[in-house]
Amino acid sequence: MSEENQQITLVDEDGNEELYEVLFTFKSPDYGKSYILMYPAGKADDEEVDIQAYQLPDKDDPANPSGGDLLPIESDEEWDMVESMLNTFLNGGGTDAFDQDWGDPEK
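Rules used throughout
- Residues numbered from 1 in each chain as written.
- Predicted model: local features only at pLDDT ≥ 70, side-chain atom pairs only at ≥ 80, totals over all residues.
- Heavy atoms only, no water.
- Phe/Tyr/Trp six-rings, centres within 6.5 Å; stacked < 30°, edge-to-face > 60°.
- Core = buried A, V, L, I, M, F, W, Y, C linked by side-chain atoms within 4.5 Å.
- Buried < 20%, exposed > 50% of the residue type's maximum accessible area, 1.4 Å probe, protein only.
- Helix = DSSP H or I, 4+ residues; strand = E, 2+ residues; numbered from the N terminus.
- Contact = heavy atoms within 4.5 Å.
- Salt bridge = Lys/Arg side-chain N within 4 Å of Asp/Glu carboxyl O.
- Pairing = 2+ DSSP bridges.
- Expected span 1.5 Å × (residues − 1).
- Arc of directions from axis to C-beta.

Engineer: Mind showing me how you'd approach the packing of aromatic side chains here?
Structural biologist: The description of an aromatic ring pair rests on the distance of the ring centres and on the angle between the ring planes. Across all of its chains, the model carries three aromatic pairs by this definition. In this structure an aromatic cluster arises from ring pairing among Phe24, Phe26, Tyr35 and Phe89.

In structure tokens:
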């Protein structure tokens, strides 16, 4: 089964556009926020890539992000959680981040 990769275009402060492949998105019940992890498009499978992570705008569905301004991740605790999620993903913990238990969704 083949799954098409999602892509997103980032525009920097100078108006330069760069295309990124979406690695995955997920929602953290503990923080009540959604996140997106991505890497520059066009990289070979064996190339080292710089994975970037951002917070999605409020009310943006991580399963189908609609776009808008991505927000920086500001707290060390959030970065630790995002890095843990990335490590789980990279170590074969599943390609669906929603399969992971990231705390009580009622918080």
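Engineer: What is the right way to read the nonpolar core from this model?
Structural biologist: Side chains of a nonpolar character, in soluble globular proteins, are inclined to be buried together. Ranked by size, the top nonpolar core spans eleven residues in total: Phe24, Phe26, Tyr35, Leu37, Ala53, Ile73, Met81, Val82, Met85, Leu86 and Phe89. Listed by contribution, the elements that provide at least two residues to this core are β2 (17-28), β3 (33-40) and α1 (76-90). Among residues more than four places away in sequence, those in contact with Leu86 are Leu23, Phe24, Leu37 and Ile51. Leu10, Tyr20, Ile36 and Met38 belong to the second-largest nonpolar core, a separate cluster that totals seven residues.

Engineer: I'm lost on the pattern of salt bridges in this one. Help?
Structural biologist: Once their charged atoms are close, side chains differing in charge can pair, the charge on each being opposite to the other. The full count for this structure, using the stated rule, is one salt bridge. Note that Glu78 and Lys33 form a salt bridge whose closest N and O atoms lie 3.3 Å from each other. Here Glu78, found in helix α1, pairs with Lys33, found in strand β3; they are 45 residues apart in sequence, far enough to count as distant.

Engineer: Whenever I open this one, the pairing of β3 confuses me. Can you help?
Structural biologist: One face of the sheet, then the other: side chains in a regular strand alternate in exactly this way. Here β3 lies mainly inside the structure; six of its eight residues are buried. Of the pairings in the sheet, the one linking β2 to β3 comprises eight bridges and is antiparallel in character. Looking at β3, one finds that Glu21 is bridged to Tyr39. Linking two consecutive strands that pair antiparallel, namely β2 and β3, is a turn of four residues; a positive phi of about 65° is found at Gly32 within it. The pairing of β3 with strand β4 (residues 52-55) spans four bridges and is antiparallel. Bridge pairing in β4 links Leu37 to Ala53.

Engineer: Can you walk me through α1 in this structure?
Structural biologist: Along an α-helix, a turn takes 3.6 residues, which lines up residues three or four apart on a common side. The terminal C-alpha atoms of α1, which comprises 15 residues, lie 21 Å apart, in line with the 21 Å expected from a rise of 1.5 Å per residue. Among the residues of α1, Glu78, Met81, Val82, Met85, Leu86 and Phe89 are the ones counted as buried. What you see down the axis of α1 is that its buried residues fit within an arc of 135°, all on one side. Turned more than 90 degrees away from the buried face of α1, the exposed residues are Asp76, Glu77 and Leu90. Those residues of α1 that are buried are in contact with β2, β3 and β4. In the segment just after α1, Gly92 is the residue with positive phi, at about 80°.

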